[in-house]
Amino acid sequence: MNKKIIIIAILFIILSSGIQSCLAAEEANTKNVELNVKGETTIKEGSKTVEFILAFGKFTQVEENVPFGYEGKLEYDKDMFESVTVEGLNKWTAEYNADNNNLVGDIAKVTANTDITKITFNLKNDIVPGATGKIKLHNFLVTNETDDFTFNKEITITMEKKQIQEIEKEPEPEKVDSDSNKKDVEKINNQEEKITKTVNNQKKSDTTIVSKNIPKTGNSNIMISMLIVAFSIGGVSLFHYKKIKLK
């Protein structure tokens, strides 16, 4: 019983490995071409055009340096875009028919990882910020006349909203009532007059006090001289009186 389980497990492992090997080989032999669309999906306000680049990426099991071409529908939002122009890059030709939206191009020797076409969309003038529009590549066939590869791609374009920074307004000075302003000025003037009168009165008071306290030096000298003369006369008179009395 155990031997049967082991044999079944071994067969299962071998079968799984074989399937994986087949899938890997098939994947390795699968031919593929990468087609990329490069560009900005958000456009700044005031822009006149927007550009995109069609570019080949990696080739898998696809021969290079052979003739290659593409053809498909290029559709765009007519509310956002006025018109479109195309330009072949790196020796690629490119042509766009506005009547049927058909875009075609080719090259004599193709190479992988190469920019092949520049597509320029002309914007309308009245696009509002935040508006969106779509661009489509529909049933876009890429071929080397042996292998065909079909792509469908869609891109949404958005008009950027301009950020408006609010400027902080400086506070307006308070309005002063003219009548109240006059009253304030009158009060200030009255206060200044009172201060001036007080200072002048104080000066007069200080002058009076000083004049009373200052000694009168001229009058004192006269009195002293008179006293000296009186004492001198008195002394002389007393001396003569005594002299007469002795005789």
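Residues numbered from 1 in each chain as written. Predicted model: local features only at pLDDT ≥ 70, side-chain atom pairs only at ≥ 80, totals over all residues. Heavy atoms only, no water.

1. Re the packing of aromatic side chains
This model, assessed by the stated rule, comprises 10 aromatic pairs. Judged by centre distance (5.6 Å) and plane angle (25°), the rings of Y70 and W92 are stacked. With Y70 in strand 4 (residues 68-76) and W92 in the loop between strand 5 (81-88) and strand 6 (95-97), this residue pair connects regions lying 22 residues apart in the sequence. The exposure class assigned to Y70 is buried, which follows from its relative accessible area of 4%. Overall, the relative accessible area of 5% leaves W92 in the buried class. Taking the centre distance of 5.8 Å and the plane angle of 70° together, the rings of Y76 and F121 count as edge-to-face. One end of the pair, Y76, is in strand 4; the other, F121, is in strand 8 (residues 114-123), with 45 residues separating them in the sequence. Among the aromatic residues, those joined into a cluster by ring pairs are F56, F59, F68, Y70, W92 and F140. Here the basic side chain of K78 rests over the ring of Y76, its NZ or CZ set 5.4 Å away from the ring centre. (Phe/Tyr/Trp six-rings, centres within 6.5 Å; stacked < 30°, edge-to-face > 60°. Helix = DSSP H or I, 4+ residues; strand = E, 2+ residues; numbered from the N terminus. Buried < 20%, exposed > 50% of the residue type's maximum accessible area, 1.4 Å probe, protein only. Lys NZ or Arg CZ within 6 Å of the ring centre and 35° of its normal.)

2. As for the pattern of salt bridges
One pass over the structure, following the stated rule, counts four salt bridges. Among the salt bridges present, the one from K118 reaches E87, with a minimum N-O distance of 3.5 Å. Here E87 lies in strand 5 and K118 lies in strand 8, a separation of 31 residues in the sequence. For K118, a relative accessible area of 23% puts it in the partly exposed group. (Salt bridge = Lys/Arg side-chain N within 4 Å of Asp/Glu carboxyl O.)

3. Observations concerning the nonpolar core
Membership of the largest hydrophobic core comes to 37 residues, with the highest contact counts inside it found for F56, F68, L74, F81, L103, F121 and F140. Those elements that provide at least two residues to this core are strand 1 (32-38), strand 3 (49-60), strand 4, strand 5, strand 7 (102-107), strand 8, strand 9 (132-143) and strand 10 (148-159). (Core = buried A, V, L, I, M, F, W, Y, C linked by side-chain atoms within 4.5 Å.)

4. A closer look at a nonpolar patch on the surface
On the surface, I6, I10 and I14 cluster together to form a nonpolar patch covering roughly 290 Å² of accessible area. Mapping I6 onto the fold places it in helix 1 (residues 2-28). (Patch = residues over 30% accessible without salt bridge, like charges linked within 9 Å, V, L, I, M, F, W, Y side chains within 5 Å. Areas by Shrake-Rupley, 256 points an atom, 1.4 Å probe, with all protein chains shown as cover.)

5. Regarding the side chain of T143
With respect to the secondary-structure elements, T143 resides in strand 9. For T143, a relative accessible area of 19% corresponds to the buried category. A polar contact is formed between the side chain of T143 and the backbone nitrogen of E145, at a distance of 2.9 Å. Among the polar contacts made by the side chain of T143, one reaches the main-chain carbonyl oxygen of D147 at a distance of 3.2 Å. For T143, the residues in contact, after removing those within four places along its chain, are P67, F68, G69 and D148. (Polar contact = N/O pair within 3.5 Å; in protein donor to acceptor, adjacent residues only side chain to side chain. Contact = heavy atoms within 4.5 Å.)

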